Amino acid sequence: MPLICHSIHMADRNGSVCRAHMSVAERRARSQLAQLRRQRGVIRGTLLVRQRKCGKANCRCGRGEGHESLFLVISQNGRTRQLFVPKAWESRVRLWVEDYHRVRGLLEQISRLYWDKVRKRQG
Ligand SMILES: [Zn+2]
């Protein structure tokens, strides 16, 4: 789609901003963000190792220490939820958790640029 820029200096009323008028910092952050969103999963949460009881009769975990297991813990609407992460899922879940922080960081960078635009009245 050809980009025709109607507004030379200002974002339009819908908040759309012409790419040609974005700063280098903004363009870089946006393209990293777009790449993360296109290609990778994201998941919010903290990974914690906890002891877990497997429930099998006669397993050692029934009498004392459980099996070390990985859980993804989040707080949602004020409630804490936790999700068991099977071994086979661990590496991808770790990447998704890291990518969530990357996405947050990039959004924060862009947000600061726009904070300054409003403050300086520079569309
Ligand atoms: Zn067990």
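Notes on the structure in this doc start here. (Residues numbered from 1 in each chain as written. Predicted model: local features only at pLDDT ≥ 70, side-chain atom pairs only at ≥ 80, totals over all residues. Heavy atoms only, no water.)

It is worth spelling out the packing of aromatic side chains at this point. Aromatic rings in a pair are described by how distant their centres are and how their planes are angled relative to each other. Tallied over the full model, the rule gives two aromatic pairs. Seen from their ring centres, Trp89 and Trp96 are 6.4 Å apart, and the 70° between their planes marks the pair as edge-to-face. If you follow Arg52 out to its NZ or CZ, it ends over the ring of Phe84, 3.9 Å from the centre. The lysine or arginine in question, Arg92, covers the ring of Trp89, its NZ or CZ lying 4.2 Å from the ring centre. (Phe/Tyr/Trp six-rings, centres within 6.5 Å; stacked < 30°, edge-to-face > 60°. Lys NZ or Arg CZ within 6 Å of the ring centre and 35° of its normal.)

Take helix H1 (residues 24-39) next. With 16 residues, H1 should cover 22 Å at 1.5 Å per step; its first-to-last C-alpha distance of 23 Å lies within 8% of that length. Among the residues of H1, Glu26, Ala29, Leu33 and Leu36 are the ones counted as buried. Take H1 and look down its axis: the buried residues cluster within an arc of 100°, on one side only. Structural note: H1 exposes Val24, Arg28, Arg38 and Gln39 on the side pointing more than 90 degrees away from its buried face. (Helix = DSSP H or I, 4+ residues; strand = E, 2+ residues; numbered from the N terminus. Expected span 1.5 Å × (residues − 1). Buried < 20%, exposed > 50% of the residue type's maximum accessible area, 1.4 Å probe, protein only. Arc of directions from axis to C-beta.)

Protein-derived ligands of the zinc ion are Cys54 (SG), Cys59 (SG), Cys61 (SG) and His67 (NE2), with the metal-ligand distances lying across 1.9 to 2.4 Å. Here the zinc ion is ringed by four donor atoms whose angles at the metal span 103 to 116°, and the overall shape comes out tetrahedral. Sequence spacing of the donor residues for the zinc ion, all on one chain, is C-x4-C-x1-C-x5-H. Taken as a pair, Cys54 in the loop between strand S1 (46-52) and strand S2 (67-76) and His67 in strand S2 lie far apart in primary sequence, 13 residues in all. (Donors = N, O, S within 2.8 Å, 3.2 Å for Na, K, Ca; no water. Tetrahedral: all angles 85-135°; square planar, octahedral: opposite > 155°, others 65-115°.)

To summarise the sheet geometry, strands pair through backbone hydrogen bonds and adopt either a parallel or an antiparallel arrangement. One open sheet holds the three strands; their spatial order is S1-S2-S3, and the pairing between them is antiparallel. Both edges of this open sheet fall to S1 and strand S3 (79-85), since each of them pairs with a single strand only. Within the sheet, the average angular offset between the axes of one strand and its neighbour, ignoring direction, is 40°. (Pairing = 2+ DSSP bridges. Axes fitted to C-alpha atoms, helices over the stretch in contact; angles between N-to-C directions.)

Turning our attention to the pattern of salt bridges. All chains considered together, the criterion is met by nine salt bridges. Arg60 is the salt-bridge partner of Glu65, the closest N and O atoms lying 3.8 Å from each other. Take Arg60: its relative accessible area is 43%, and that puts it in the partly exposed class. Of the charged contacts in the structure, one is a salt bridge between Arg102 and Glu98, with a shortest N-O distance of 3.5 Å. With Arg102 and Glu98 both in helix H2 (residues 90-120), this residue pair falls four residues apart, about one helical turn. (Salt bridge = Lys/Arg side-chain N within 4 Å of Asp/Glu carboxyl O.)

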